[in-house]
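Okay, here's what each chain looks like letter by letter:
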Amino acid sequence: MKRVNPIVQAAFVLLACIYIWIPVQAAAAELKVAAAADLTFVFKDVAAQFEKQTGNQLKLTYGSSGNFFSQIQNGAPFDLFFSADISFPKKLEAAGLIEPGTIYDYARGEIVIWVPNDSKLDLSKGLAVLLDPSIRKIAVANPVHAPYGAAAVAALQHDKIYDQVKSKFVMGENIAQTAQFVQSGNADVGIVALSLALAPAMKTKGRYVVVPPDDYPPLIQAAVIIKSSTNKELARQFLKFIKQPDTVALMAQYGFTLPEALAADHGSTSAPH
Amino acid sequence: MDWSAIFLTLRLALVVCTTELIIGTPIALWLSFTRWRYKFFAESVVALPLVLPPTVLGFFVLVALGSNSPIGRWYQALTGHGLAFTFEGLVIASLIASMPFAVQPMAAAFSQVDRNLINASSMLGASRFRTFVRVIFPLSISGVVTGFVLSFAHTLGEFGVVLMVGGNIPGVTETISIAIYDDVQALNYSSANHSALVLLIFSFVVLSITYSLNRRMWGPWSLRRDGARSSAPAK
């Protein structure tokens with residue numbers, strides 16, 4: 001009876017080691033940011049700049065704004081939420097889940113029609129190009145929870161071709177996945193965010209044409225500090241950083257121009273595109 | 001390639017498979033030895049995660065753990081933060097998702113142990129616990145190892161449940177399979193390739209070790225098919 005089975009012994013040692021390992025959680029000093037997928041590329045540069053200037057790190061999670069909206073409602077521990085559509089921060093505000101007065105609309109999003117370089121489609125036709133019979137798959141973000149998908153559907157409905165093309169849709173979970181569908185050649189054409197079309201990884205691989213902004217309701221992008229954040233000071237610092245002229249310029253390189261009203265408030269001279 | 005995601009995944013998988021051993025063993029024992037008429041209900045519940053879509057499972061767990069549920073609120077009162085989108089929440093979700101992978105091989109092994117040996121053990125005055133430790137467990141060791149390794153490997157590759165419950169937060173809930181998904185979306189194909197390769201090699205090595213252990217490949221360390229440790233004296 002004295003002799004304990006060596007396998008049982010080994011198991012106990014293993015267990016002890018592993019459970020001691022559990023509390024090794026990451027330090028809470030970094031800022032957890034839920035970012036709309038259209039920021040996938042530009043935020044890599046923004047985060048690097050922010051780190052260089054302040055020494056603070058960003059933990060970025062990209063996804064569809066609608067998905068983040070429901071996650072935050074369920075208590076997701078984000079400090080900041082960058083939404084591709086201001087309606088989600090507004091709804092969070094109504095639910096009392098955000099830090100009052102922190103909604104900041106940082107840009108207006110635009111959609112483009114994007115095709116790979118080897119595509120023979122004539123983009124000068126605008127959205128009507130989607131009626132081309134050679135097209136088998138059209139990549140669109142899921143309109144239920146991705147604002148860019150909703151904008152694409154609205155534009156197609158505005159041009160009265162939605163019913164003719166909807167059977168060819170392949171839906172991305174968010175706008176970055178939508179771009180990946182068409183960038184990889186698995187879809188023939190995609191309706192993606194201008195910010196993704198301008199990103200280095202997409203720019204050289206294809207061409208695009210901007211969908212007239214009057215064809216769909218404006219995509220006002222807004223950032224907000226989450227009420228449950230344990231890191232509000234740093235979150236405010238990052239919001240301030242986003243408003244700095246050189247960050248605004250960096251964002252503009254990726255097609256994120258400040259909404260007109262806001263530009264006027266700041267006395268900025270950024271010309272409308 | 002994302003090392004923090006790899007370490008996080010390993011940590012998650014180790015915590016899950018060892019915990020699975022602790023809570024899975026009694027369940028497997030009960031399943032193998034109970035004479036309850038309606039045992040098949042319990043068996044179905046244990047096997048459910050095998051057939052349930054991970055998104056359904058993830059959704060249930062998210063609702064059960066979220067800040068609007070009793071469990072979520074209780075945990076929040078206890079620790080100051082919710083369970084959803086935390087490492088602990090991920091552990092709970094993965095425990096449920098990999099339960100059948102741990103319990104089923106163990107239950108199969110336990111029920112193949114010769115009843116005469118178990119009866120003899122208790123006739124000789126051994127307690128139930130001692131009978132388990134000295135008779136049932138050594139004779140079922142290959143099933144236990146298989147359950148351990150399968151729940152480890154399954155947690156390593158779990159995607160849907162982790163995405164629903166964890167919410168993909170780098171360094172906290174972003175496992176390697178989610179990092180790969182993200183890399184593909186961000187058109188980071190080389191990073192996705194590297195991570196996928198690591199995962200592939202790792203899964204292959206883990207499975208090879210399990211199968212080789214069951215086939216007496218490694219001398220004194222191996223586990224015989226009949227269960228007895230080959231390093232043990234013959235008499």
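Small disclaimer: the values here were computed from a predicted structure and weren't measured.

Re the overall build of chain B
Per the secondary structure count, chain B includes 12 helices and 0 strands. In chain B, the order of α-helices and β-strands from amino to carboxyl end is α-α-α-α-α-α-α-α-α-α-α-α. Considered along the principal axes of its C-alpha atoms, chain B spans approximately 60 × 45 × 30 Å.

Looking at the overall build of chain A
Helices and strands together make up the secondary structure of chain A, namely 12 helices and 10 strands. Every one of the 273 residues in chain A was classed for burial, and the buried ones make up 45%. Counting only contacts in chain A whose residues sit at least 6 apart along the sequence, the fraction spanning at least 24 positions is 75%.

Some words on the confidence of the model for chain B
Residues and elements named next belong to chain B. In this model, chain B carries an average pLDDT of 85, and 91% of its residues clear a pLDDT of 70 or more. Within chain B, no element has a lower average pLDDT than helix H4 (residues 70–79), which sits at 83, and none a higher one than helix H6 (residues 99–112), at 93. For this predicted complex, the interface score ipTM comes out at 0.74, alongside a pTM of 0.78.

Some remarks on the sheet that holds strand S2 (residues 58–63) of chain A
Residue and element names in this part refer to chain A. A sheet is described by the order of its strands in space; here 5 strands give the open sequence S2-S1-S3-S10-S4, paired in mixed fashion. Edge positions in the sheet fall to S2 and strand S4 (104–109), since each has one partner strand and no second. Between one strand and the next, the sheet's axes are offset by a mean angle of 15°, whatever the strand orientation. In this structure, strand S1 (residues 31–36) lies alongside strand S3 (residues 80–83), joined through 3 bridges in parallel fashion. Its bridge partner lying in S3, valine 33 is registered against leucine 80. Each of S1, S2 and S3 touches helix H3 (residues 65–73); the most contacted strand, S3, lies at about 150° to it.

What about the domain arrangement of chain A?
All names here are of chain A. Taken domain by domain, chain A consists of domain 1 (31–108 + 218–265) and domain 2 (111–215). Measuring from the centre of the C-alpha atoms in domain 1 to the corresponding centre in domain 2 gives 25 Å. Each partner contributes residues to the interface: domain 1 has 18 residues there, and domain 2 has 19 residues. Elements with a contribution of two residues or more to the side of domain 1 that touches domain 2: S2 and H3. A per-element tally of the side of domain 1 that touches domain 2 places H3 first, with 3 residues. Residues of the side of domain 1 that touches domain 2, tallied by class, amount to 9 nonpolar, 7 polar and 2 charged.

Considering the interface of chain B and chain A
Between chain B and chain A, the residue contacts involve 26 residues of the former and 27 residues of the latter. Secondary-structure elements contributing two or more residues to the side of chain B that touches chain A are helix H1 (3–33), helix H8 (128–139) and helix H11 (176–185) of chain B. Take the side of chain B that touches chain A: its biggest share by element is 4 residues, from H1(B). Tallied by class, residues from the side of chain B that touches chain A come to 15 nonpolar, 9 polar and 2 charged.

So, helix H4 (residues 87–94) of chain A
In an α-helix, one turn spans 3.6 residues; hence positions three or four apart end up facing the same way. All names here are of chain A. Within the sequence span of H4, burial applies to Phe88, Pro89 and Leu92. In a view along the axis of H4, the buried residues occupy a sector of 100°, so they form one face of it. Against the buried residues of H4 lie H3, S3 and strand S10 (219–225). With its phi angle positive at about 70°, glycine 96 sits one or two positions after the end of H4.

Side note on the nonpolar core
Ranked by internal contacts, the top residues of the largest apolar core, which has 139 residues, are Leu80(A), Phe81(A), Ile111(A), Ala152(A), Ile175(A), Val192(A) and Leu196(A). Among the elements that line this core, the one with the most residues is H1(B), at 11 residues. Formed jointly, this core draws a minimum of three residues from each of two domains, domain 1 (31–108 + 218–265) and domain 2 (111–215) of chain A.

Some remarks on the packing of H1(B) against helix H9 (residues 141–157) of chain B
Residues and elements named next belong to chain B. Taken N-terminus to C-terminus, the directions of H1 and H9 make an angle of 145°; their axes are 8 Å apart at the nearest point. Here H1 runs over H9; the crossing is right-handed. Across from Thr9, Leu12, Ala13, Val16, Cys17, Glu20, Leu21 and Gly24 in H1, the residues of H9 making contact are Gly147, Phe148, Ser151, Phe152, Thr155 and Leu156. Grouping the amino acids of the contact of H1 with H9 by side-chain chemistry returns 8 nonpolar, 5 polar and 1 charged.

Looking at the sheet that holds strand S6 (residues 138–141) of chain A
All names here are of chain A. Read across the sheet, 5 strands follow the order S7-S6-S8-S5-S9 without closing on themselves; strand pairing throughout is mixed. Strands with a single pairing partner mark the edges of an open sheet, and in this sheet they are strand S7 (169–172) and strand S9 (206–210). Strand after strand, the sheet turns through a mean of 30° between neighbouring axes, direction not considered. Taken strand by strand, helix H5 (residues 147–158) contacts strand S5 (111–116), S6 and strand S8 (189–193), and its axis lies near 125° from that of S6. In the packing of helix H7 (residues 175–183) onto the sheet, the strands contacted are S5, S6, S7 and S8, and the crossing angle to S8 comes to about 150°.

Points about the environment of Asp122(A)
Examined against the element boundaries, Asp122(A) turns out to sit in the loop between S5 and S6. Sequence-wise, Asp122(A) and Arg236(A) are 114 residues apart; in three dimensions their C-alpha atoms are separated by 46 Å.

Analysis parameters
Residues numbered from 1 in each chain as written. Chains lettered and ligands numbered in written order. Predicted model: local features only at pLDDT ≥ 70, side-chain atom pairs only at ≥ 80, totals over all residues. Helix = DSSP H or I, 4+ residues; strand = E, 2+ residues; numbered from the N terminus. Buried ≥ 20, exposed ≤ 12 C-beta atoms within 10 Å, placed from the backbone. Contact = placed C-beta atoms within 7 Å. pLDDT = per-residue confidence, 0-100. Pairing = 2+ DSSP bridges. Axes fitted to C-alpha atoms, helices over the stretch in contact; angles between N-to-C directions. Domains from an automatic or database assignment. Nonpolar A, V, L, I, M, F, W, Y, C, P; charged D, E, K, R; others polar. Arc of directions from axis to C-beta. Core = buried A, V, L, I, M, F, W, Y, C linked by C-beta atoms within 7 Å. Left-handed = near helix turned anticlockwise from the far one by under 90°.

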